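# Coordinates in review
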Amino acid sequence: MAILQDILYKVRIRSVHGNLAVKVKALHIDSRKVAKGDVFIAIKGAAADGHQFIDSVAEKGAVAIICEEMPSTLKEGVTYVQVENSGAAAGFMAHNFYGQPSEKVKLVGVTGTNGKTTIATLLYKLFSGLGYKCGLLSTVQNHIGSEIVPATHTTPDAISLNALLKQMVEAGCTHVFMETSSHAIHQHRIAGLKYAGGLFSNITHDHLDYHKTFDEYIRVKKSFFDGLSSDAFAISNADDKRGPVMLQNTQAHKYYYSLRTMAEFKGKILENGLTGLVMTINDQEVHFRLIGEFNAYNLLAVYGAAICLGEDKFEVLRVLSELTGAEGRFDYIISVKDKVIGIVDYAHTPDALLNVLVTIKGLRKGHEQVITVVGCGGDRDKTKRPVMGEVACEHSDRVIFTSDNPRSEDPEQILRDMETGLNTAAKRKFIAIVDRKEAIKTAVNLAGPDDIVLIAGKGHEKYQEIKGVKHPFDDKQVLTEIFKLYER
Ligand SMILES: CC(=O)N[C@H]1[C@@H](OP(=O)(O)OP(=O)(O)OC[C@H]2O[C@@H](n3ccc(=O)[nH]c3=O)[C@H](O)[C@@H]2O)O[C@H](CO)[C@@H](O)[C@@H]1O[C@H](C)C(=O)N[C@@H](C)C(=O)N[C@H](CCC(=O)O)C(=O)O
Ligand SMILES: Nc1ncnc2c1ncn2[C@@H]1O[C@H](COP(=O)(O)OP(=O)(O)OP(=O)(O)O)[C@@H](O)[C@H]1O
Ligand SMILES: N[C@H](CCC[C@H](N)C(=O)O)C(=O)O
Ligand SMILES: [Mg+2]
């Protein structure tokens, strides 16, 4: 069993009251999970303050309490450790408690506004295809080798994260690919982790509800690269305005990928159609099954990471050329009757939506109409709503605004917020239908032969969250059913 003193390694401590040589059964950041012999780490959050629960966990038999502010009354027999930052303490302590699992694998982190899931999933599939046992931590799901562990977050909390990494080590995984969200970086969920490398995809408008300003969002993402060690690699997108800034202060070996300028990993698109991409990567011509320019970037990032991890470039390209993307990312089905192309995509930011629509435009052969079904999540960045409404209307022939996950908000109000971004021409193109299934049905109804229906925002999600209740809902399944309905 771990000893408190040992697992405090690297934690910045302000003061201690009590015995540090106590045995620790388990670590918790949630007071509700604490049992006798456990340690509770009190974190100040957005909705609650863990410090409020210190007395109650002491009563429940916690052996130690980690906090930023000492409580006014201290319970006899309980150790109190005052630290500079509880979030970071949770990261370091979890890493130590679970045997420093990140040191025993090659851990690669992927950060950026869009493309994290795609890049991490492609890396997982690539390295599995190359014969390695791998771990994956992603928005869609986590993997310990071929075993699937459901995901609750893009990047789990520090304790769940390190527990998963330990399971991966025990299962014999040699490589782990993880999405590293800006929330996770900011909350220090990743403190203590040793990364073999880091990847940057791009940065655009998102999560400003949380980070407040774009500069702060950039600073947080950059801090991930600042934290990499000198034996790690850092790969950035030279074509993104902020690509170079990300690597400005990192000690890691720096590399860039690009479609437009000189870079270590240089790509050129030769063909971009519904059957995939033909492109050169460092002068090697390859056909990929993935679609769209944005996937050319994702492929370059994946290729770069594989080379930095010491893989053979021909083997990498051979396996990569066979791969399909992540679930709900440009996932498409074609109706039997009218050959309507239905595309389900997780685009839930203005930039991702624009990318998908521009990609679709590039894939059209003639005068096929593009009909877009889109909404915006409730309790999330409100400023993206008018922009997403505008992007959808500007790049589609018809648009149906509908509910995404309204969460605690009024769904009608979210649709009205989206409308405020529309000019007179755009207003003629859209209708609002709150019920997502009805909206998808209407879009299919509006579609003629060969038209394209895009259903954006929810991708792989299997539910719709309305007023705290998660109702089963799967865009691809709904679309498939509706296509079948019209075939009768
Ligand atoms: C904004 C945000 O990131 N919130 C996360 C944060 O919640 P919070 O700061 O609001 O926590 P809180 O509820 O105020 O509680 C503070 C502390 O008191 C503890 N507590 C609370 C109640 C109690 O009775 N006892 C107790 O001990 C909590 O466990 C917590 O440690 O800490 C919680 C515990 O780890 C997370 O579950 C929660 O994620 C929420 C569900 C969330 O929606 N997060 C999203 C925004 C998120 O993190 N997304 C990113 C990526 C998004 C993307 O890629 O697009 C992700 O990495 O998934
Ligand atoms: N490199 C990219 N650049 C821009 N858009 C992309 C890129 N890769 C994927 N996309 C688009 O963005 C959407 C989200 O992609 P993905 O799920 O891979 O990103 P993510 O960073 O994991 O997102 P999240 O923060 O929600 O977890 C996709 O559905 C796709 O339309
Ligand atoms: N990880 C993101 C996903 C958003 C997906 C979209 N469908 C929504 O619900 O807003 C978040 O929680 O902000
Ligand atoms: Mg993701």
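Here the structure is a predicted model, which means the values were calculated and not measured. Each chain carries its own residue numbering, running from 1 in the written order of its sequence. Just so you know, chain letters begin at A and ligand numbers begin at 1, following the order they were written in. The model is predicted, so local features are restricted to residues of pLDDT at least 70 and side-chain atom pairs to those at 80 or more, both for listing and for counting; the totals for chains, interfaces and linings are taken over all residues.

## Concerning the UniProt feature "domain: Mur ligase N-terminal catalytic" (unreviewed entry) in the chain
Put simply, the rule reads: UniProt positions are given in the numbering used here, feature names are shortened, and annotations may be inferred rather than shown by experiment. Labels follow the DSSP assignment, with helices taken as runs of H or I lasting at least four residues and strands as runs of E lasting at least two, numbered in each case from the N terminus.
Cross-referencing UniProt, the feature "domain: Mur ligase N-terminal catalytic" (unreviewed entry) maps to residues 24-78 in the present numbering. Secondary structure content for residues 24-78 is 11% helix and 18% strand, while the C-alpha to C-alpha distance between its ends is 12 Å.

## Notes on the site of ligand 1
Our working rule: By convention here, the C-beta atom is placed from the backbone, and a residue is near a molecule or strand when that atom is within 6 Å of it. Under this grouping Gly is polar, as are all residues other than the nonpolar Ala, Val, Leu, Ile, Met, Phe, Trp, Tyr, Cys and Pro and the charged Asp, Glu, Lys and Arg. Delimitation of the domains relies on an automatic or database domain assignment.
In the vicinity of ligand 1 there are 20 residues, among which Ser-31, Gly-45, His-153, Thr-154 and Ser-181 approach most closely. Of the residues that constitute the shell around ligand 1, the class distribution is eight nonpolar, nine polar and three charged. Split by domain, the shell around ligand 1 shows at least three residues from each of two domains, domain 1 (2-97) and domain 2 (100-322).

## Here we look at the domain arrangement of the chain
Rules: Throughout, a pair of residues is in contact if the C-beta atoms placed from their backbones lie within 7 Å.
One can read the domain layout of the chain as domain 1 (2-97), domain 2 (100-322) and domain 3 (331-487). Summarising the inter-unit geometry, the C-alpha centres of domain 2 and domain 3 are found 28 Å apart. On the domain 3 side, the residues contacting the 16 residues of domain 2 number 13 residues. Where the side of domain 2 that touches domain 3 is concerned, the elements lending two or more residues are α7 (208-211), β16 (265-273) and α10 (293-308).

## As for the site of ligand 3
Around ligand 3 lies a shell formed by Thr-154, His-348, Gly-377, Arg-380, Asp-404, Asn-405, Gly-457, Lys-458 and Glu-461. In the shell around ligand 3, the residues fall into no nonpolar, five polar and four charged.

## What about helix α5 (residues 158-170)?
For clarity, the cut-off: Take the number of residues in a helix, subtract one, and multiply by 1.5 Å to get its expected span. Counting other C-beta atoms within 10 Å of its own, a residue is labelled buried from 20 upward, exposed at 12 or fewer, and partly exposed in the gap between, with every C-beta atom placed from the backbone.
For α5, built from 13 residues, the straight-helix expectation of 18 Å at 1.5 Å per residue is met to within 8% by its first-to-last C-alpha distance of 18 Å. For α5, the set of buried residues is Ala-158, Ile-159, Leu-161, Asn-162, Leu-164, Leu-165, Met-168 and Val-169. Of the residues one or two after α5, Gly-172 is the one with positive phi, at around 95°.

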